[in-house]
Amino acid sequence: MTRRFHVSTFGCQMNEHDSERIAGLLAADGMEATDDVETADVVVFNTCCVRENADDRLYGHLGRLKALKAERPELQIAVGGCLAQKDREVVRARAGHVDVVFGTHNLGEVAALLRRARMEGPVVEIIEEYETYPSALPVRRAVDHASWVTIQIGCDNTCTYCIVPKVRGREISRRMGDVLREVEQLAADGVSEVTLLGQNVNSYGRDLGSGQRSPGFADLLRAVGAVDGIRRVRFTSPHPKDLSAATIEAMAESATVCEHLHLPLQSGSDRVLARMHRGYTAERYLARLGAARAANADLAVTTDIIVGFPGETEADFEGTLAVVEEAGYDAAYTFVYSPREGTDAAAMSDEFVPAETVRDRMGRLIELVERHALRRYEARVGGVEEVLVEGPSKKSPTVLTGRTRQNKVVNFPPRGGGATVRAEEIGPGSYVDVRITGAAPHWLRGEFVATVAGARRVRTRIPLTVE
Ligand code: 5AD
Ligand code: SF4
C-alpha cells in the first residue's frame with residue numbers, strides 16, 4: 001500500500017518553501033500527501049526558531065503524537081528545519097518517539113533518512129554547512145499559478161537579535177542561470193507569479209562570479225522579469241542597508257516587478273539600530289525609502305518592527321513611532337523581542353524591557369500602523385486594479401479573493417457592472433480587473449469589471465462555487 005505523509009510547517013516563507021521541497025521529495029519517493037495527521041504513515045515537522053516559543057509548540061505537537069505512535073509503531077515522525085538544526089540531540093532527548101531529526105542543510109536526504117530509520121532505528125543527522133548552493137530538489141507546489149523561487153540561502157549579517165545566521169549558515173547565492181531555468185520551467189508549467197526568496201536578497205551575487213563582474217540582484221530582477229509568461233515578480237526581503245539605486249531602478253523599469261517593497265525597519269531609534277547591528281540610521285532608512293518611492297509611483301511599502309529590544313527606552317520607542325508616521329506603511333509585522341539563546345542580544349539580559357511596558361508599546365505601535373494602513377487602503381477606493389485570483393474566499397464560497405499588484409487582498413463577487421462570467425474564466429490563476437469599492441486596514445472590497453485580455457487562463461484543480 002502507498003505510504004502517506006503529512007508535513008506541518010512553522011515559520012517563514014523560506015520554511016514553507018522548504019516544506020514544498022520535503023513534500024516533493026517524499027512524493028518522488030512514491031508516497032502520497034494527506035491532510036490527515038491521524039492516518040498518515042509519516043509526519044514531518046518543519047520547524048522554526050526565529051521568534052517566540054516555537055519549542056513549546058513543537059513539543060506540544062510531538063506530545064500529542066506519542067499516543068498515536070504507541071498505537072501504530074510503524075508511524076514515522078521526523079523533525080527538520082531551524083529548531084532541529086539548533087537543538088539536534090535535544091529533540092530526541094525531549095521526545096524519544098521521534099524517528100528522524102534532520103537539519104536545514106540536509107533536507108534533500110529526508111526520504112533516505114526515513115528509510116534508514118525503518119531499518120536501523122532512530123537517526124539524528126545534521127550537517128553544518130552547504131559548500132555550494134544545493135542542486136534543485138523536486139517541489140510539490142501548494143498552488144498552480146504562483147511559486148517561490150529561492151535565490152540565496154543563509155545570511156552573512158550579524159543582527160544581534162537574530163538566530164538565522166546560526167541555523168541557516170553563511171550566505172550562498174544560487175547561480176543566475178539556475179534561477180532563470182527554474183523560472184522558465186515554472187512559466188512553462190502555468191505559473192505567472194514568482195516570489196524570489198532570500199534572507200537578504202539585495203546582497204545576491206556577492207559571492208558569485210570570478211573574473212567578470214558578478215551579477216547583482218538588479219540584474220537578476222530584470223532577467224526574471226523578462227521571462228516569457230511571468231506577469232508578476234515579487235521578492236523578500238531586501239536589507240535597507242543594501243537597497244541600491246540599481247535595484248530601485250530595476251524595480252521601476254521592469255513592468256512585471258510588482259509595486260510592493262517589504263523593507264524591514266526593526267527600530268526607528270539610531271541607538272537601538274546600532275545595538276542591533278543593522279548598519280543604517282533612521283535617516284538613511286527613510287532616504288532609501290524616499291528614493292524607492294520617487295522612482296516607483298504607487299509603491300506599497302510594508303515592514304517588520306521589533307518592540308522591546310533590550311535597553312529600548314521610551315525615547316527609543318518614540319523614534320520608532322516617528323519613522324512609522326513618516327513612512328506611512330501599508331502594513332507592518334510587529335514582533336515582541338524574544339531572546340534567542342546564543343545571540344548577542346540574549347546576553348543583554350540585564351536590560352530586558354518589562355513585559356508590561358512592551359505590551360503598552362505594542363498597543364500604541366499597532367494603533368499607529370493600522371491608522372496608516374487604513375488610509376493607504378482607503379486611497380485605493382474608486383480605482384480599478386488588476387487582481388490575480390486565488391479562489392473562493394474562505395468565508396463565503398460565492399465571493400472570490402485575490403491580490404492586487406501591491407499585494408493587497410481583494411474580495412469581490414464574480415459579477416458586476418452588468419457582467420457575469422463563467423466560473424472557469426475566473427478560476428485560481430486568472431487575472432481580472434476589479435473596481436475597488438471599500439477598504440479596511442487589511443483588505444479591500446470590490447466589484448468585477450472584466451477579465452484581463454492577454455492573461456493566460458490556468459486550468460484549475462480547485463472546485464469553485466459561483467452563485
Ligand atoms: N525577536 C523578535 N523578533 C525577531 N525577528 C527576528 N528575530 C527576532 C527576535 N529574536 C523578526 C524580525 C525579522 C522577522 C523575520 O522576525 O523583525 O525581520
Ligand atoms: Fe537575521 Fe539580520 Fe540576517 Fe535578516 S539580515 S536573517 S534579521 S541576521
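This text goes with the structure placed above it.
We now turn to the structure provided with this report. (Residues numbered from 1 in each chain as written. Chains lettered and ligands numbered in written order. Predicted model: local features only at pLDDT ≥ 70, side-chain atom pairs only at ≥ 80, totals over all residues. Heavy atoms only, no water.)

### Structural notes on the overall build of the protein
- Along its length, the protein carries 13 helices and 21 strands.
- In summary, the protein has a C-alpha radius of gyration of 23 Å against a globular reference of 23 Å for 467 residues, a match within 12%.
- Over its C-alpha atoms, taken along the principal directions, the protein stretches across nearly 65 × 55 × 55 Å.
- For the protein, buried positions account for 54% of its 467 residues.
- Long-range pairs, those at least 24 residues apart, make up 74% of the contacts in the protein with a sequence separation of at least 6. (Helix = DSSP H or I, 4+ residues; strand = E, 2+ residues; numbered from the N terminus. Rg over C-alpha atoms; globule rule 2.2 N^0.38 Å. Buried < 20%, exposed > 50% of the residue type's maximum accessible area, 1.4 Å probe, protein only. Contact = heavy atoms within 4.5 Å.)

### Here's the deal with the site of ligand 2
- The environment of ligand 2 is made up of Cys155, Asn157, Cys159, Tyr161, Cys162, Val164, Pro165, Gln199, His239 and Arg278.
- Tallied by class, the residues present in the shell around ligand 2 amount to 6 nonpolar, 3 polar and 1 charged. (Near = heavy atom within 4 Å. Nonpolar A, V, L, I, M, F, W, Y, C, P; charged D, E, K, R; others polar.)

### Quick notes on the side chain of Arg288
- Relative to the helices and strands, Arg288 is located in helix α11 (residues 282-295).
- For the buried Arg288, no salt bridge exists, and the shortest N-O distance to an oppositely charged side chain is 9.7 Å, to Asp242.
- Among the polar contacts made by the side chain of Arg288, one reaches the main-chain carbonyl oxygen of Leu243 at a distance of 2.6 Å.
- Once residues within four sequence positions are removed from consideration, Arg288 is found in contact with Pro240, Leu243, Ser244, Ala245 and Ile248. (Lys, Arg positive; Asp, Glu negative; His and termini not counted. Salt bridge = Lys/Arg side-chain N within 4 Å of Asp/Glu carboxyl O. Polar contact = N/O pair within 3.5 Å; in protein donor to acceptor, adjacent residues only side chain to side chain.)

### Quick look at the sheet that holds strand β12 (residues 260-262)
- Ordered by their spatial adjacency, 3 strands build an open sheet running β12-β13-β14, and the pairing between neighbours is parallel. Of all strands in the sheet, those bounded by a partner on one side alone are β12 and β14 (331-336). Between one strand and the next, the sheet's axes are offset by a mean angle of 15°, whatever the strand orientation.
- Pairing of β12 with strand β13 (residues 300-307) involves 3 bridges; the strand directions are parallel. Note that in β13 the partner of His262 across the bridge is Thr302. (Pairing = 2+ DSSP bridges. Axes fitted to C-alpha atoms, helices over the stretch in contact; angles between N-to-C directions.)

### So, the pairing of strand β11 (residues 232-236)
- With 5 of 5 residues buried, β11 is to be regarded as a mostly interior element.
- Residues Arg232, Arg234 and Thr236 point to one face of β11 and Val233 and Phe235 to the other, with burial holding for every one of them.
- In this structure, strand β10 (residues 193-197) lies alongside β11, joined through 5 bridges in parallel fashion. Counted as the bridge partner of Leu196 is Phe235 from β11.

### Description of the side chain of Thr303
- Looking at the secondary structure, you find Thr303 in strand β13.
- Within polar-contact distance, the side chain of Thr303 engages the backbone nitrogen of Leu265 at 2.8 Å.
- The contact partners of Thr303, leaving out residues within four places of it in the chain, are His262, Leu263, Pro264, Leu265, Tyr285, Tyr329, Ala331, Ala332 and Tyr333.

### Some remarks on the packing of helix α1 (residues 13-28) against helix α5 (residues 110-120)
- For the pair α1 and α5, interaxial distance at closest approach is 8 Å and the crossing angle is 60°. Classified by the interaxial angle, the pair formed by α1 and α5 is oblique. On α5, the residues touching Ile22, Leu25 and Leu26 of α1 are Val110, Ala111 and Leu114.
- Looking at the contact of α1 with α5 residue by residue, the classes come out as 6 nonpolar, no polar and no charged. (Parallel < 35°, antiparallel > 145°, perpendicular 65-115°, else oblique.)

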